[in-house]
Amino acid sequence: MKITYPKIGIRPTIDGRWGGVRESLEDQVMGMATGAARLISENLRYPDGTPVDCVIADTTIGGGAEAAACADKFRKENVTATLTVTCCWCYGSETFDMDPHTIKAVWGFNGTERPGAVYLAAVMAAHAQKGLPAFSIYGKDVKDVDDRSIPDDVAQKILTFARCAMAASLMRNKAYVNVGGVAMGIAGAYCEADFMQKYLGLRPEWVDMTEILRRITLGIYDHEEYEKALFWAKANCKEGFDKNAGKNLPDVVTKSKVVPADKDWEFIVKQTLVVRDIIYGNPKLDDLGWHEEALGRNGIVAGFQGQRQWTDWLPNGDFMEAIMASSFDWNGPKAPTPFATENDTLNGIAMLFGTLLTNSAPCFHDVRTYWSKEAVERVSGVKLEGTAKDGFIHLINSGATALDGTGASKDKDGNPCMKPFWDMTKEDIDACLNATDWCRADYEYFRGGGFSSHFRNVGEMPVTMIRVNIVDGVGPVLQLAEGETAVLDPNVHNILDQRTDPTWPTTWFVPRLTNEGAFISVYDVMSKWGANHGVTVYGHIGAELITLASMLRIPVSMHNVEKERIFRPHSFNGFGTSDLEAADFAACKHYGPLYK
């Protein structure tokens, strides 16, 4: 089925006065539109790697008739966000985008010959007055009238707007697929359908975990691909430490292992294929006569309950969750699927945000332990230095973290990184696999067995930790912390790692401290984090997350992004310019969710 991605509409607005004024501006205004479209398409990609598509109005827009014609074209072209561009005065409320369903920005050229800045200010006032928030884009330096280049600061804002608008739009009319229900009373696993629908435009779908057993039992999967995937797993997923060896386990544990240990790989590979098909569908199932199953659930993000009704007697979902979220599998490089352990839906949404903004794999973590430098020295005898010198947070998850999180991939300069799937080389994939082993699940926790991905981050790299929470009386809020992964001395790592579950993947995370709010110390970050789970994605994308959250009307309750990087709709300034956090909360409350 052909994917129809959302598009960005470029609206070139112009002074409507014919008889010399408008005619003299046509080329420059349309040149701004084509330049902005080229900038976006050359720098941003959809999840499948193709360039983001821009649609330009058929004519410049000098008044209401041309604005309506542009809106009609954009509706037919699946335009979900608009960028209005101009170098001159235009008639504000006659030319602006008044569609309440599009995400909006306006770029006003900073030049002295024509008052593009005056129009920008006037149309921002119109947007604010009409309750249609829009982003204001205005270059810092005055440019000459014949300078057709896009200044760097303007280009950055255009790309931030476009990237975040596409992230918001890509969620529309897709599904969060809940495989199972609530795991072990984790509040984030209670799928809040109103939040999904009203804030994100997502349709919640529920699939009982018995559907996996039905499809495995009846053979509702691609059998040829199963053989390929199983061969690949056995050849590339080396087995590691068996925590159960030598233990005298009680009967309640041993009699619960219904899938023989030597058949675990066969079962979990089938499980992975089945759940992928549930989320996305698979035309091969149609060939097998399973027409309904072939359609899938139109998913873009998913989660698996697992614990405990599944894992108390069947192999866990760790392999499935890790491979789904990774940027490769047995077929080679592929787009990562945000996939939440324990079906923590709010962490799944954080994974989705991170992946849509970076096109790279999201890493699911337990926010496990704060280690102060004093505590590390006490238990290891070693004084911390370098990135970890002020302490760190131990991020560890029950074997389901994307393998990209090893940091084994390398950028062009040889630095550890995480990449979009289209940049993943065979060397990158092999490095991630070689940095990971698969430890047999601890039977005391997972009576049904299975395998957990096990690694330690092998390179220091920039990451952003993210979490979505729902707070009664407020609604959804976003937390984020930009920082670095730390590599510890191997002896220190082993001492600390052995104090928790040594069969799970470990990332040592150091948030960037600002001496303000929640970022006075690493301890403060840990103590103010809103839940037991978090997500890391590659790079420092805090500014983009703040912009995306403002589009969705989700306030940001905790961040360490510099003020000059924050980019929200211009009308948010009307709620205050001194205390930006309070203004953000007030504006989001007033405007309400995007799809109310």
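Residues numbered from 1 in each chain as written. Predicted model: local features only at pLDDT ≥ 70, side-chain atom pairs only at ≥ 80, totals over all residues. Heavy atoms only, no water.

A. Just the environment of Cys90, in detail. With respect to the element layout, Cys90 can be found in the loop between β3 (79-86) and α3 (92-95). Taking the C-alpha atoms as reference points, Cys90 and Tyr119, 29 residues apart in sequence, are found 5.9 Å from one another. Sequence-distant contacts of Cys90, defined by excluding residues within four places in its chain, comprise Thr13, Ile14, Asp15, Thr95 and Tyr119. (Helix = DSSP H or I, 4+ residues; strand = E, 2+ residues; numbered from the N terminus. Contact = heavy atoms within 4.5 Å.)

B. Geometry of the packing of helix α10 (residues 264-280) against helix α13 (residues 318-325). At their nearest, the axes of α10 and α13 sit 9 Å apart, and the two run at 50 degrees to each other. Between α10 and α13, the angle falls in the class oblique. Between α10 and α13 the crossing geometry is right-handed. Packed against α10, whose contacting residues are Trp265, Ile268, Val269, Gln271, Thr272, Val275, Arg276 and Ile279, the element α13 presents Phe319, Met320 and Met324 at the interface. (Axes fitted to C-alpha atoms, helices over the stretch in contact; angles between N-to-C directions. Parallel < 35°, antiparallel > 145°, perpendicular 65-115°, else oblique. Left-handed = near helix turned anticlockwise from the far one by under 90°.)

C. Broad picture of helix α15 (residues 373-380). Buried within α15 we find Ala375, Val376, Val379 and Ser380. When α15 is viewed along its axis, its buried side chains cluster within an angular range of 110 degrees and face the same direction. Contact partners of the buried residues in α15: β13 (363-371), β14 (392-396) and α17 (490-497). Taken from the residues just after α15, Gly381 is the one with a positive phi, measuring 80 degrees. (Buried < 20%, exposed > 50% of the residue type's maximum accessible area, 1.4 Å probe, protein only. Arc of directions from axis to C-beta.)

D. Highlighting unusual backbone geometry. Of note, the amide linkage connecting Gln307 to Arg308 takes the cis form, showing an omega dihedral of -5 degrees. Mapping Arg308 onto the fold places it in the loop between β9 (299-304) and α13. At Asn515, a residue that is not glycine, the phi angle is positive and equals roughly 65 degrees. Structurally, Asn515 is set in the loop between β21 (506-511) and α18 (522-528).

E. Main features of the sheet that holds strand β17 (residues 437-440). The strand order across the open sheet formed by three strands is β8-β17-β18, and the pairing between neighbours is mixed. Every interior strand has two partners, whereas the edge strands, β8 (239-242) and β18 (451-454), have only one. For this sheet, the mean inter-axis angle between neighbouring strands, taken without regard to orientation, is 35 degrees. In this structure, β17 lies alongside β18, joined through four bridges in antiparallel fashion. The partner of Cys439 across the bridge, within β18, is Ser452. (Pairing = 2+ DSSP bridges.)

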